[in-house]
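Summary of the model geometry
Each chain, written out:
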Amino acid sequence: MGYQLVNMDILVVLVGCFILLWICAYVLRGVKLRTIPTVEASLEAVRVCAEKGTPLLFDSGWTGANFWGHSTGLTTLCFVPSTLELLKAITTDAGRLGVRVITGTTESVYALMSKDYMQAGFTIGGHPEMFNPDDINFYPDNTALILNDIEYIRRYHIGAAVMVGGHNQTSNVVIYEALATEGAMLVAGEIWDNDNSMAVLCADYLSFAEENIAIAAYLSPDPVPKAVLAGEDFIKAFLIGYVLLGGVLYAAGVLK
Amino acid sequence: MQQETGQSRTSEILGNLPTILGLIGMVIITSLYFMEPPWPPASMLRNATTLSLPWPVIVVSLLLIRKNIKNLTIGGSGMLYSVILLAGAIGMILLYFVNGIGDATLSGLYNNITIVGEMAVTSAIAISVFSPIIRVYRAKTWTMAFLIGLSILAFMTYTPIGQMLWPPIPVLGDWIQSYISGASDSAFWCSTYIGAVALIVRMTLLKEKLRP
C-alpha cells in the first residue's frame with residue numbers, strides 16, 4: 001500500500017518552529033525572563049490565606065481533559081505540566097505557612113497526578129504531614145465542580161483561590177461570584193479566550209493561555225526551558241511582521 | 001571517564017523512559033494527520049490509548065467512595081453528603097449489574113440526577129447575567145473599565161436597545177466584533193499554539209517530565 005504525505009504546509013511550519021526553538025534552547029541560555037504575574041500572585045494568595053487563617057482553593061477545572069478530539073480542546077493537555085508545577089510551588093509555600101490547599105479537577109488522571117505533586121510540595125515545605133489526599137477532589141463533570149467549589153467557598157470561607165485551567169465562560173462567573181462575596185483574592189489563568197473574558201473582569205490577577213503553558217519552564221531552575229520560552233518571541237515577531245507586511249501589501253493593492 | 005559518561009547517559013535514558021516512550025507514541029499518532037491512508041499501527045495506538053482513559057476514572061471513583069466511607073466512620077463534617085453519595089453510588093452500581101447500561105431505571109435516574117445539577121448551575125448562570133456581574137465586575141484598572149464599556153456596547157449591539165438608541169451603535173459593535181475581536185482571537189490562538197510547540201520542544205529535551 002502506498003502512503004502519501006498530506007498537509008505538508010502545516011508540517012513545514014511545525015518542523016520550522018521546532019528547529020528554531022531547539023536552536024534557541026542552546027543559543028539563549030542564561031536569558032532573563034519577565035515576571036509571570038499568575039505565579040507571583042499565586043504565592044501571594046498562599047500568604048493571604050495564612051493571614052486570614054483559611055484554606056486556599058486551587059481549581060484546575062478541565063485541565064488535562066481532551067475535549068472533542070479537536071485542537072482547541074487538546075490545548076487543555078498543554079496546561080498539565082504547568083498547573084501541576086504551580087500546585088507544587090503553592091503547596092511548598094502552604095506547607096511552610098501552615099495553609100490547607102483544596103483542589104478540584106474534572107480529569108481523573110490529573111487527580112491522581114495532583115496527589116504526587118501536592119505530596120512533594122508539602123514535603124519540600126517541611127510539613128509532609130499536612131498532605132491530605134481527601135483534599136484532592138475529582139468531579140465527573142463541570143456541574144459537580146461548580147457546585148462543590150461553591151460549597152467549599154462557603155463552608156471554609158476561602159480566603160484566596162487560584163483558578164488556572166479551563167472553566168466554561170458562563171459557569172466560571174458563578175464561582176467568581178461566590179469568591180467575591182466571601183471577599184477572596186482571585187488569581188485566574190483560563191485556557192480559552194472566551195473564559196478569560198470573564199476572568200479579566202473579575203480576577204485580581206490574570207494571565208493568558210500562553211503564559212500559563214510557560215509556568216513550568218518559568219518555575220524551573222534549569223536555563224534550557226527558559227531559553228525555549230524566550231525563543232517563542234522570535235516566532236511571534238515573525239508572525240507580527242508577516243501580518244503587517246501582508247496588510248500593507250493588501251492595502252496597496254499588490255495582494256488581492 | 002567514558003564509562004562514567006556512558007553510565008550517566010544510560011541512567012538518564014532509563015530515568016526518562018516514560019517521557020521518551022510518550023514522545024515516540026506522540027510522533028506515531030501525529031502521523032495520522034500527515035499520512036494518507038492512515039498508518040494501521042498509528043490508528044491502533046491512538047485507539048488503545050483512548051480506550052484506556054476510563055480506567056483512571058474507575059480508580060479515582062473508588063478513591064472517592066473510600067473517602068466518603070472514611071468520612072462516615074470518623075463522623076466528619078458533611079456526613080449527609082457522604083450518605084447520599086454512597087447510597088447513590090451503591091444503588092447505581094447494583095442497577096448496572098442487574099440489567100446493564102440499558103436499564104430504564106438506571107438511565108432515568110442518571111439523566112434526572114444530572115438534570116438537577118444542570119438546572120442549578122444554569123439558573124445560577126442566568127441570574128449572573130443581572131445580579132453577580134454588577135457586584136463582581138470591578139473596574140480596577142483603565143483596561144477593565146474599557147472592557148466593561150465594550151461589554152455594554154456588545155450588549156447594545158446584539159439587543160434591540162442599540163438600534164433604538166442610535167443606529168450607528170450596532171454598526172460599530174459589529175465592526176469591533178469582526179475586526180478587533182477577530183484579530184485578537186487569531187492572535188490568542190497563534191500564541192497558544194506556539195506555546196504548545198515550545199512545550200513539546202522542552203519535552204524532547206527531557207525538560208518537562210511530569211514528575212514532581
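Residues numbered from 1 in each chain as written. Chains lettered and ligands numbered in written order. Predicted model: local features only at pLDDT ≥ 70, side-chain atom pairs only at ≥ 80, totals over all residues.

Quick word on the domain arrangement of chain B
Reports often express the size of an interface as the amount of accessible area lost when the parts come together. Rule in force here: Domain ranges listed in this record stem from an automatic or a database domain assignment.
When the domains of chain B are assigned, the result is domain 1 (1-52) and domain 2 (138-204). Just the C-alpha atoms count here: the centres of domain 1 of chain B and domain 2 of chain B sit 40 Å apart.

Looking at unusual backbone geometry
Where we set the bar: A run of H or I in DSSP counts as a helix once it spans at least four residues, and a run of E counts as a strand once it spans at least two, with each numbered from the N terminus. Exposure is read from a count of other C-beta atoms within 10 Å of each residue's own; the residue is exposed at 12 or fewer, buried at 20 or more and partly exposed in between. C-beta atoms are placed from the backbone.
Look at the link from E36 of chain B to P37 of chain B: it is a cis peptide, with omega at -10°. Position of P37 of chain B among the secondary structure elements: in the loop between β1 (35-36) and α3 (40-51). Positioned with a positive phi, N7 of chain A is a non-glycine residue whose angle comes to about 50°. For N7 of chain A, the location among the structural elements is in the loop between β1 (4-5) and α1 (8-27). N7 of chain A sits in the exposed class, given 12 other C-beta atoms within 10 Å. In the Ramachandran plot, H157 of chain A falls in the positive-phi region, its phi being about 50° despite a non-glycine side chain.

Quick notes on the interface of chain B and chain A
Note the threshold: By the criterion used throughout, residues are in contact when their C-beta atoms, derived from the backbone, lie within 7 Å. Throughout, the ten residues Ala, Val, Leu, Ile, Met, Phe, Trp, Tyr, Cys and Pro are labelled nonpolar, Asp, Glu, Lys and Arg are labelled charged, and all others, Gly among them, are labelled polar. Strands are treated as partners if at least two bridges between them are detected by DSSP.
The partner chain A presents 57 residues to the 45 residues of chain B that form the contact. Only α2 (17-34), β1, α4 (54-74), α6 (104-128), α7 (131-136), α8 (142-157) and α10 (168-204) of chain B provide two or more residues apiece to the side of chain B that touches chain A. At 13 residues, α10 of chain B tops the list of elements feeding residues into the side of chain B that touches chain A. The class makeup of the residues in the side of chain B that touches chain A is 32 nonpolar, five polar and eight charged. As judged from the two bridges shared by β1 of chain A and β1 of chain B, these two strands associate in the antiparallel manner. Considered in β1 of chain B, the bridge of Q4 of chain A is made with E36 of chain B.

Considering the sheet that holds strand β5 (residues 160-166) of chain A
Residues and elements named next belong to chain A. The criterion, for reference: Whenever a helix is involved, its axis is fitted only over the stretch in contact; in every case the axis is a line through C-alpha atoms, and angles between N-to-C directions fall within 0 to 180 degrees.
In space, the six strands of this open sheet follow the order β4-β3-β2-β5-β6-β7, with parallel pairing throughout. The open sheet is flanked by β4 (136-138) and β7 (205-206), the only strands paired with a single partner. Here strand β6 (residues 185-190) pairs with β7 via two bridges, running parallel. From the neighbouring strand, V187 faces β7, where its bridge partner is Y205. Relative to β6, helix α2 (residues 37-52) is tilted by about 150°, and along the sheet it contacts β2 (56-61), β5, β6 and β7.

As for the packing of helix α5 (residues 142-156) of chain A against helix α6 (residues 172-181) of chain A
Residues and elements named next belong to chain A. In plain terms, the rule: Each angle is binned into one of four classes, with values under 35 degrees roughly parallel, values over 145 roughly antiparallel, values of 65 to 115 roughly perpendicular, and all other values oblique.
Running from N to C, α5 and α6 point in directions that differ by 5°, and their axes come no closer than 10 Å. Put simply, α5 runs roughly parallel to α6. Taking contact as the criterion, the partners of I146, D149, I150, I153 and R154 in α5 are, on α6, V174, I175, A178 and L179. Broken down by class, the residue content of the contact of α5 with α6 amounts to seven nonpolar, no polar and two charged.

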